[in-house]
Protein chains: 4
Amino acid sequence: MTPARAPRADAVRNRKKILAAAGEQITAHGPEVGMDEIAAAAGVAVGTLYRHFPTKTDLVAAVVAAYVARVADGAESALGRVEAGARAVDELTAFLGRVVEASVTDRAVKAAAQTLGAEQGDRADEDRAGAAVAALIRAGQADGDIHPDVTVSDIYLLFSTAPTDQPPTARARWLDLVAPGLTTGARQAGN
Amino acid sequence: MTPARAPRADAVRNRKKILAAAGEQITAHGPEVGMDEIAAAAGVAVGTLYRHFPTKTDLVAAVVAAYVARVADGAESALGRVEAGARAVDELTAFLGRVVEASVTDRAVKAAAQTLGAEQGDRADEDRAGAAVAALIRAGQADGDIHPDVTVSDIYLLFSTAPTDQPPTARARWLDLVAPGLTTGARQAGN
Amino acid sequence: MTPARAPRADAVRNRKKILAAAGEQITAHGPEVGMDEIAAAAGVAVGTLYRHFPTKTDLVAAVVAAYVARVADGAESALGRVEAGARAVDELTAFLGRVVEASVTDRAVKAAAQTLGAEQGDRADEDRAGAAVAALIRAGQADGDIHPDVTVSDIYLLFSTAPTDQPPTARARWLDLVAPGLTTGARQAGN
Amino acid sequence: MTPARAPRADAVRNRKKILAAAGEQITAHGPEVGMDEIAAAAGVAVGTLYRHFPTKTDLVAAVVAAYVARVADGAESALGRVEAGARAVDELTAFLGRVVEASVTDRAVKAAAQTLGAEQGDRADEDRAGAAVAALIRAGQADGDIHPDVTVSDIYLLFSTAPTDQPPTARARWLDLVAPGLTTGARQAGN
DNA sequence: CATGAATGAGTATTCATTCAT
DNA sequence: CATGAATGAATACTCATTCAT
């Protein structure tokens, strides 16, 4: 219960620079980038890295957490659009597509997290995302467009198996193959 | 042409032991298991590893190749059953399911191969698998059960995104979600 | 231009300890001494070796460079004495003798450099040595003591063939055998 | 005192092939060539190498011994020519030159021997060479051409310091620089 | 007697982490 | 609080030597 003295401005700046650099470096060179390289990319010394994140695993966890937060934001805006009248199935699949695209950027992050056994950073963001997706699904089911047994964890399952390291055409095709499993209508030729 | 003097019995035994151990170790601890650990698990000295596979990359490639060979076998037996009267869609999805199950055993192998940029060992096995899968698809399309635009690379795309590291129930659910993308009928509730 | 922040005191100390230890170890056990052994002899961990010299080759090159710098110093003092009135031939042969003696200490260094294909570190020191030796030769030739066709590369040739790994008497005898090739006078019995 | 049963013909052939191959390989790639490579070059298996030479050191010693034998032959022919009327100084320097040239071929052999601490193979050949050289020196001294204090070990000293790894011009120049130390006459300009 | 597969200690090098400056 | 030098365990790979076939 330390009063948590307000962190110094430059420390906050450093934390952000480090998170950004770590994201870029891991994205670009995979989870095995050295801490030194991340530090250099962030423009700080290794020691500073370790002041903010006691362990490489912690750093990666933080990067993943930031990614989860962005996903949550995306889910909530989709939900917002549905509440404003958009069709839920469309928003859900579009959301799925956007996540897959974003994953490309954050490519190896997922792998890094697994490799290092990173712990969940911020439960809160995950819950936020989960709530929004659940609402989207319910809306789609109310419309009769989304299959009644689809759940939030189905969406997560698809997230976790998205072909993030494949070319755009493959990713688009994957969406086509996977969408019919969520919806009620029969598959149409050519899409 | 090649004199190919019969390989010594013990050398063959060792090669098999090494491949098996490498598969297990990589499965259990990921691609970064040390060569020493693999050697110990195989009951040989490191030098023996290197006599059989000049490089860690080569070893992983061989493990992957063995896996591909098993997949090819599976595809061909499925095709055999179809030729003997079985329904093609069923055999195709069953085959997909079996590959996913098998993948669990070979879990990280795929990742290992990517990490190390392993080359594929035996084109032949890949071709064998491809031919058999293509025949299955054609048969299912002739029956009117498989969607006309489904191709062999669709099947490979699904392979490569199978949730090999998830619990059995998740893997089963994944099959349910993915199957409708391949077939013509509308999705039925509860499957 | 280079900010060149003053190197930390302990880092400088370590660099020196490492160079000294490397010289000794290579001298004592040849170029194949392990980096670990050099590190131990220097009282540091291997990692520290690699922080200062990214490669064994680089380390050896640095040792050789230090040796070249000492040779250059020796040549320049000899030249200084000549300018102060000493006889050039005598200084040149004495210099040759001193280099050979010093080589004993740095015994295998030369071999190590060759074995590893080490690049030369500081051209400057080599040039310094070359200039001083050239001046010595010219002075001796002006005196009529040194044979007119002797060049700097002759001196280097003799350096490179000095019997550095032989007992002192052999080294002295070698000097006696080799000196007449540089001078004008006929050889005298007994020296 | 085992009767030393006459060695089988093929064993003798193998011994020769191995010695030749070892000489070539060490000459070409230095003392650190692997035993496997030598074996391959000789067209036998490693086991056969070890049957003939229990240790790499022993093998190198044998290669050196063969070299010494050739040197002895050269010395003896030179002596023969002197006895047939040739001038001793000329034969001695020519012999020195030929040894240096030959050394080029056997380049790293000397280094290999040192590196491995190889023992003398055949005292007899060394003695043969020593006797012939001694006779040459005595003859030259009787002619008044060779300096009276020159000994056999002087010649060996020069052998051991010959610039075997330098280009032909450097080797020739080295001979010019070194010859005056052996002879009585004053050095002449230009040779 | 030849073969070549197996052994295993040894080598250079990397990298997460600590700690003196 | 930042810096970057030091640490040292770990890793892939080599090679002289042994020994089953």
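Given the structure is predicted, the values throughout are model-derived calculations rather than measurements.

The rules behind the values
- Residues numbered from 1 in each chain as written.
- Chains lettered and ligands numbered in written order.
- Predicted model: local features only at pLDDT ≥ 70, side-chain atom pairs only at ≥ 80, totals over all residues.
- Heavy atoms only, no water.
- Helix = DSSP H or I, 4+ residues; strand = E, 2+ residues; numbered from the N terminus.
- Contact = heavy atoms within 4.5 Å.
- Expected span 1.5 Å × (residues − 1).
- UniProt positions renumbered as here; feature names shortened; annotations may be inferred.
- Near = heavy atom within 4 Å.
- Polar contact = N/O pair within 3.5 Å; in protein donor to acceptor, adjacent residues only side chain to side chain.
- Nonpolar A, V, L, I, M, F, W, Y, C, P; charged D, E, K, R; others polar.
- Phe/Tyr/Trp six-rings, centres within 6.5 Å; stacked < 30°, edge-to-face > 60°.
- Buried < 20%, exposed > 50% of the residue type's maximum accessible area, 1.4 Å probe, protein only.

Right, let's talk about the overall build of chain A for a bit. In terms of helices and strands, chain A carries nine helices and zero strands. Mapped from its N terminus to its C terminus, chain A presents α and β elements in the order α-α-α-α-α-α-α-α-α. Pairs at least 24 residues apart make up 69% of the contacts formed inside chain A by residues separated by at least 6 positions.

Between its terminal C-alpha atoms helix H7 (residues 123-143) of chain C stretches 30 Å, which fits the 30 Å expected from 21 residues at 1.5 Å a residue. Once H7 of chain C ends, the next one or two residues include Gly 144 of chain C, with phi positive near 85°.

Moving on to the environment of Ala 66 of chain C. Here Ala 66 of chain C lies in helix H4 (residues 56-83). It is 8.5 Å that separates the C-alpha atoms of Ala 66 of chain C and Leu 19 of chain C, two residues lying 47 residues apart in sequence.

Another point: the UniProt feature "DNA-binding region" (unreviewed entry) in chain A. Here the UniProt-annotated "DNA-binding region" (unreviewed entry) positions come out as residues 34-53 of chain A. The span residues 34-53 of chain A carries 75% helix and 0% strand; its end-to-end C-alpha distance comes to 14 Å.

It is worth spelling out the protein's contact with DNA strand F at this point. As a matter of local geometry, DNA strand F sits amid 32 residues, with Arg 51 of chain A, Lys 56 of chain B together with Asn 14, Thr 48 and Arg 51 of chain C nearest to it. The sugar-phosphate share of atoms of DNA strand F within 4 Å of the protein amounts to 70%. In this structure, a phosphate oxygen belonging to DNA strand F sits 2.6 Å away from a side-chain N or O atom of Lys 56 of chain B. Ala 45 of chain C places a main-chain nitrogen or oxygen 2.9 Å from a phosphate oxygen of DNA strand F. Among the secondary structure elements, those contributing two or more residues to the surface near DNA strand F are helix H3 (46-52) of chain A together with helix H1 (9-29) and helix H3 (46-52) of chain C. Split into classes, the residues belonging to the surface near DNA strand F amount to 13 nonpolar, eleven polar and eight charged.

Per the counting criterion, the structure on display carries eight aromatic pairs over all chains. Look at Phe 95 of chain B and Phe 159 of chain B: their rings are 5.7 Å apart centre to centre, the planes differ by 65°, and that puts the pair in the edge-to-face class. Taken together, the residues Phe 95 of chain B in helix H5 (residues 88-105) and Phe 159 of chain B in helix H8 (residues 152-160) connect sequence positions 64 residues apart. Phe 95 of chain B gets classed as buried once you look at its relative accessible area, which sits at 1%. Classification of Phe 159 of chain B by relative accessible area gives buried; the value is 15%. Arranged with centres 6.2 Å apart and planes meeting at 35°, the rings of Tyr 156 of chain C and Phe 159 of chain C form a pair that is tilted. In this pair, Tyr 156 of chain C and Phe 159 of chain C are both assigned in helix H8 (residues 152-160), three residues apart and thus about one turn of the helix distant. Residue class for Tyr 156 of chain C comes out partly exposed when judged on its relative accessible area of 30%. The rings of Phe 95, Tyr 156 and Phe 159 of chain A are connected pair by pair, giving a single aromatic cluster.

Let us look at the protein's contact with DNA strand E. Near DNA strand E, the surroundings consist of 33 residues, among which Asn 14, Thr 48 and Arg 51 of chain B, Lys 56 of chain C together with Arg 51 of chain D are the closest. Take the atoms of DNA strand E that sit within 4 Å of the protein: sugar and phosphate atoms are 70% of them. Lys 56 of chain A places a side-chain nitrogen or oxygen 2.9 Å from a phosphate oxygen of DNA strand E. In this structure, Met 35 of chain C approaches DNA strand E through a main-chain N or O atom, which is 2.9 Å from a phosphate oxygen. Elements supplying a minimum of two residues to the surface near DNA strand E: helix H1 (9-29) and helix H3 (46-52) of chain B, H3 of chain C together with helix H3 (46-52) of chain D. Per-element accounting of the surface near DNA strand E gives the leading share, five residues, to H3 of chain B. Considered class by class, the residues forming the surface near DNA strand E number 14 nonpolar, eleven polar and eight charged.

As a further point, take the environment of Leu 19 of chain B. All names here are of chain B. Position of Leu 19 relative to the elements: it lies in helix H1. Leu 19 sits 33 residues away from His 52 along the chain, and the two C-alpha atoms are 9.9 Å apart. Once residues lying within four places of it in the same chain are set aside, the contact partners of Leu 19 are Phe 53, Leu 59, Ala 62 and Val 63.

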